[in-house]
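# Commentary on secondary and tertiary structure
Each chain is listed here by its residues.
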Amino acid sequence: MNSALTTIIIAVAALAFFALAMSLTLIFKGHHIDSEISTNKDMQRLGIKCAVQETREDMAAEKCDDNPCSGNCAGCDIEHSNNK
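Everything in this summary refers to the structure shown in the same document. Bear in mind that the values here come from a model prediction, so they are computed numbers and not experimental data.

### Let's talk about the side chain of N40
- Tracing the sequence through the fold places N40 in the loop between helix 1 (3–29) and helix 2 (41–45).
- Overall, N40 belongs to the buried group, its relative accessible area being 12%.
- A distance of 3.2 Å separates the side chain of N40 from the backbone nitrogen of M43, its partner in a polar contact.

### Observations regarding a nonpolar patch on the surface
- A cluster of nonpolar side chains, namely L20, L24, I27 and F28, defines an oily patch on the protein surface of about 450 Å² accessible area.
- Structurally, F28 is set in helix 1.
- You can call F28 exposed: its relative accessible area is 69%.

### Comments concerning the packing of aromatic side chains
- A complete count under the given rule lists 1 aromatic pair for this structure.
- Considering the side-chain rings of F17 and F18, the 5.4 Å spacing of their centres and the 65° angle between planes classify their relative orientation as edge-to-face.

### Overview of the environment of K49
- Note on placement: K49 falls in the loop between helix 2 and helix 3 (51–58).
- The partly exposed category is assigned to K49, whose relative accessible area is 32%.
- The spatial distance from the C-alpha of K49 to the C-alpha of S38 is 8.2 Å, given a sequence separation of 11 residues.
- With sequence-adjacent residues up to four places away left out, K49 is seen in contact with I37, E54 and E57.

Basis of the calculations
- Note that residues are indexed from 1 along each chain, following the sequence as it is written.
- Per-residue local features are limited, in this predicted model, to residues with pLDDT of at least 70; the limit for side-chain atom pairs, both in listing and counting, is 80 or more; totals at the level of whole chains, interfaces and linings are taken over all residues.
- Note that the side-chain values use all heavy atoms of the structure and ignore hydrogens as well as water.
- Elements are defined by DSSP. Helices are runs of H or I of four residues or more, strands are runs of E of two residues or more, and each kind is numbered from the N terminus.
- Working definition: with a 1.4 Å probe on protein chains only, accessible area under 20% of the residue-type maximum means buried, over 50% means exposed, and in between means partly exposed.
- Within 3.5 Å is the distance limit for a polar contact, defined as a pair of N or O atoms, with the added protein rule that one can donate a hydrogen and the other accept it, and that residues adjacent in sequence qualify only through two side-chain atoms.
- The patches reported here contain residues having more than 30% relative accessible area and no salt bridge. Joining distances are 9 Å for like charges and 5 Å for nonpolar side chains (Val, Leu, Ile, Met, Phe, Trp, Tyr).
- Reported accessibility uses the Shrake-Rupley method at a 1.4 Å probe radius. Residues are deemed covered only where the shown protein chains occlude them.
- Basic side-chain nitrogens of Lys or Arg form a salt bridge, by our definition, when they fall within 4 Å of a carboxyl oxygen of Asp or Glu.
- When the centres of two rings from Phe, Tyr and Trp lie within 6.5 Å, Trp using its six-membered ring, the rings pair. Their planes under 30 degrees apart give stacked, over 60 give edge-to-face, and anything left gives tilted.
- For this analysis, residues touch if any pair of their heavy atoms sits within 4.5 Å.

This is the structure we're talking about:
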């Protein structure tokens, strides 16, 4: 068998395995895997925070309290720019 064909078959098999695993998680748990810090209750319970939120808490002396981070990394802005 050609090495390129073997590589393609292995890649397709790996993708099929991961797609099946994600589908089984959805079927048995009834929801997608929640990896977003702001909505994952287990991460919040363990005290895991967005890296930007932790940085803002460390920089409390620079008045980060006027624009607190919600825990959603997509909504955080470390440079404090006013793009509104």
